[in-house]
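An overview of the molecular structure
One-letter residues, chain by chain:
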Amino acid sequence: LSGTPRRNFIIDGDFTQWPEGTAATTFTNGYGTGTPALFRVREATDGTATTEQSTDVPTVAESGHQSRYSTLIKCTGIDAALAVSVDMNLGIRVTGSDFTELHQQEVTFSFWAKTAANNSGHTYSVSFRNSAVNRSYVTEYTPTSSWTKFTKTLTLDTVGTFLFTEADIGLAIDFDLASGSNYNGTVDTWSAGNFFSSAGNSNFMDSTSNEFYITQVQLVLGSTAPTFTSEAIATVKDQVDYYVQRYEYDTSQEIVGASAFTESTSGMSCNFQFRKTTRTVPVMTNSAASTFSGYDGQAIATLNSFSPTSPGTNGFHAVVGQAGTNWSATGGTGGRLRSVSGTAWIMADARH
């Protein structure tokens, strides 16, 4: 339809979802607290850095869109002389089945970024790579301490092997802030190899006064970058749930009801159904067992064990236990799994 926005292949490029928390957190490779839902970090230098949610964003007058959040990266420990094999970046992965619409096509990548005054005018890189990381495209940009939109139009690689299934990564995109020379690729061309940055890349890790802000990340088909637009928040949440679901319980409340059944006087199990089918079988994590309780219709007991077992794309089987012997030993008795306080959580992680 005329006037219909072009699809943005970056899910939640406006950083609305932060399932693991928003506070400043030291980089640990992968996803975690301090990063938006589908963006991951890598830090392999001799310094340290943090990521966090920030409300410093471009104005509507600047960008034509009202963002709520940006991601803020700070250097907190210096590595003044980068070794040849180190790197530090913030990245996102486009799933293979989504990438089928982009493969070998002309695309435009855009984002808004700024720095602190100290590293204003530094040069950083964005890389595009295949899943096998043996084909790479690197481009440079130079942010300042004022919000600026950066745009790059390129034709995606026609030589390398790219993957197109739901289980695979179709395209890896990384914002590189510090890399050793082993990862320096030729600028603005597809090359054979695993490259994150250019030889002209500045070293973000050279000062604890360095900061980097980013928001409104967008990847579209075609030769121009439209003004960033966001899907309705309900749609964004649904898209993110396909990759990661975190269930937070802010009060004492029932989590799973009639599907629970007792197995012994000290243990029972229940089936937990996800609110949406996940991309692949997820990795399950949860808060301490003591943040949950179980009820078999006769007695409530705080748990001393909680094991999410046999996860699938639709849910998992929870086996729980308590130290006493207050529960019925009759299998099939209706039971309840509850949160004890505002610290209980369960997370299903099906991200790349």
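Position labels on residues start from 1 in each chain and follow its written sequence. Under the rules for a predicted model, residues below a pLDDT of 70 receive no local features and side-chain atom pairs below 80 are neither given nor counted, while totals for whole chains, interfaces and linings still include all residues. Hydrogens and water molecules were not included; the side-chain quantities draw on all heavy atoms of the structure.

1. Quick notes on the sheet that holds strand S12 (residues 211-221)
Just so we agree on the cut-off: Two strands make a pair as long as DSSP finds a minimum of two bridges between them. Put simply, DSSP H or I for four residues or longer makes a helix, DSSP E for two residues or longer makes a strand, and each gets a number counted from the N terminus.
Across the sheet, which stays open at both edges, the 6 strands sit in the order S1-S3-S4-S12-S6-S9 with antiparallel pairing between neighbours. Taken across any chain shown, the strands that pair with only one partner, and hence form the sheet edges, are strand S1 (25-26) and strand S9 (148-155). The pairing of strand S4 (residues 70-77) with S12 spans 4 bridges and is antiparallel. In the strand pairing of S12, isoleucine 73 is matched with phenylalanine 212.

2. Topic: the layout of surface pockets
A water-sized probe, rolled over the atoms, reveals where empty space remains. Stated formally: As defined here, a cavity is a set of points on a 1 Å grid over the protein atoms alone where a 1.4 Å probe fits but cannot get out. A pocket is an open set with protein on both sides within 12 Å along at least five of seven lines, and residues line them when an atom is within 4 Å of a point. Grid points are joined across faces, edges and corners, and a volume is the space filled by probe spheres set on the points. Ten residues, namely Ala, Val, Leu, Ile, Met, Phe, Trp, Tyr, Cys and Pro, are considered nonpolar, four, namely Asp, Glu, Lys and Arg, are considered charged, and the remaining ones, Gly among them, are considered polar.
Computed from the structure, the largest pocket encloses a volume of approximately 310 Å³. Here the lining of the largest pocket is built from residues that sort into 8 nonpolar, 5 polar and 6 charged.

3. Quick word on the nonpolar core
We apply this condition: Think of a nonpolar core as a cluster: buried Ala, Val, Leu, Ile, Met, Phe, Trp, Tyr and Cys residues, connected wherever their side-chain atoms sit within 4.5 Å. Working definition: with a 1.4 Å probe on protein chains only, accessible area under 20% of the residue-type maximum means buried, over 50% means exposed, and in between means partly exposed. Note on definitions: a residue-residue contact is assigned when non-hydrogen atoms from the two residues lie within 4.5 Å.
With 50 residues, the main nonpolar core has Phe111, Ile173 and Leu219 as its most contacted residues. By residue number, the principal contributor to this core is strand S10 (residues 169-179), which donates 5 residues. Residue contacts for leucine 219: discarding those within four places in its chain leaves Arg7, Asn8, Phe9, Ile10, Val94, Leu102, Val107, Thr108, Phe109, Leu171 and Ile173.

4. Re the sheet that holds strand S11 (residues 190-192)
This is how the line gets drawn: Note on geometry: axes are C-alpha line fits, over the in-contact stretch for helices, and angles between N-to-C directions span 0 to 180 degrees.
With antiparallel pairing, 6 strands are arranged side by side in an open sheet as S2-S5-S10-S7-S8-S11. Lying at the two open borders of the sheet, with one neighbouring strand each, are strand S2 (39-43) and S11. If you compare each strand with its neighbour and ignore which way they point, the axes differ by 25° on average.

5. Quick word on the pairing of S10
The side chains of a regular strand alternate, first on one face of the sheet and then on the other. Of all 11 residues that make up S10, 11 are buried, and the element is covered over most of its length. Pairing between strand S5 (residues 87-95) and S10: 9 bridges, direction antiparallel. Pairing of asparagine 89 across the sheet is with aspartate 176, part of S10. Pairing of strand S7 (residues 124-129) with S10, which is carried by 5 bridges, proceeds in the antiparallel orientation. The partner of phenylalanine 128 across the bridge, within S10, is isoleucine 173.

6. What about empty space enclosed by the protein?
Tallied over the entire structure, the rule returns 1 cavity of 30 Å³ or more. Of the pockets and cavities examined, the largest cavity occupies roughly 120 Å³. For the largest cavity, the lining is made up of 13 residues, of which Leu38, Ile92, Arg93, Val94 and Tyr243 are closest to its centre. Take the lining of the largest cavity: its biggest share by element is 4 residues, from S5. Residues belonging to the lining of the largest cavity are distributed by class as follows: 8 nonpolar, 2 polar and 3 charged.

7. Describing the side chain of glutamine 216
Short version of the rule: Whenever two N or O atoms come within 3.5 Å, that pair is a polar contact, provided that in protein one can donate a hydrogen and the other can accept it, and provided that, for residues adjacent in sequence, both atoms are side-chain atoms.
With respect to the helices and strands, the residue glutamine 216 is situated in strand S12. Taking the relative accessible area as the measure of exposure, glutamine 216 reaches 1% and is therefore buried. Among the polar contacts listed, one links the side chain of glutamine 216 to the side chain of serine 63, at a separation of 3.2 Å. Only 2.9 Å separates the side chain of glutamine 216 from the side chain of serine 67, close enough to count as a polar contact. Ignoring anything within four residues of it in the chain, the contact list for glutamine 216 reads Gly13, Asp14, Pro58, Ser63, His65, Ser67, Ser110, Phe111, Trp112 and Phe228.

8. Comments concerning unusual backbone geometry
Look at valine 133: it is not a glycine, yet its phi comes out positive at around 45°. Looking at the secondary structure, you find valine 133 in the loop between S7 and strand S8 (135-141). Relative accessible area serves as the criterion here: at 29%, valine 133 is assigned to the partly exposed category.

9. A closer look at the environment of arginine 279
Locating arginine 279 in the fold gives a position in the loop between strand S15 (267-273) and strand S16 (283-286). When sequence neighbours within four positions are dropped, the list of residues in contact with arginine 279 reads Thr95, Glu166, Ala167, Asp168, Tyr242, Tyr243, Ala350, Arg351 and His352. A distance of 3.0 Å separates a polar side-chain atom of arginine 279 from the backbone oxygen of alanine 350.

10. With respect to the side chain of serine 110
Along the chain, serine 110 turns up in strand S6 (residues 106-115). For serine 110, a relative accessible area of 2% corresponds to the buried category.

11. Considerations on the pattern of salt bridges
Note the threshold: Between Lys or Arg on one side and Asp or Glu on the other, a salt bridge is scored when a side-chain nitrogen of the former is within 4 Å of a carboxyl oxygen of the latter.
Counted according to the given criterion, the structure contains 14 salt bridges. Across the pair lysine 276 and aspartate 238 runs a salt bridge, and its minimum N-O distance is 3.4 Å. Here aspartate 238 lies in helix H3 (residues 233-241) and lysine 276 lies in the loop between S15 and S16, a separation of 38 residues in the sequence. The exposure class of lysine 276 is partly exposed, given its relative accessible area of 25%. The structure contains a network of salt bridges with shared partners spanning Arg7, Asp98 and Glu101.

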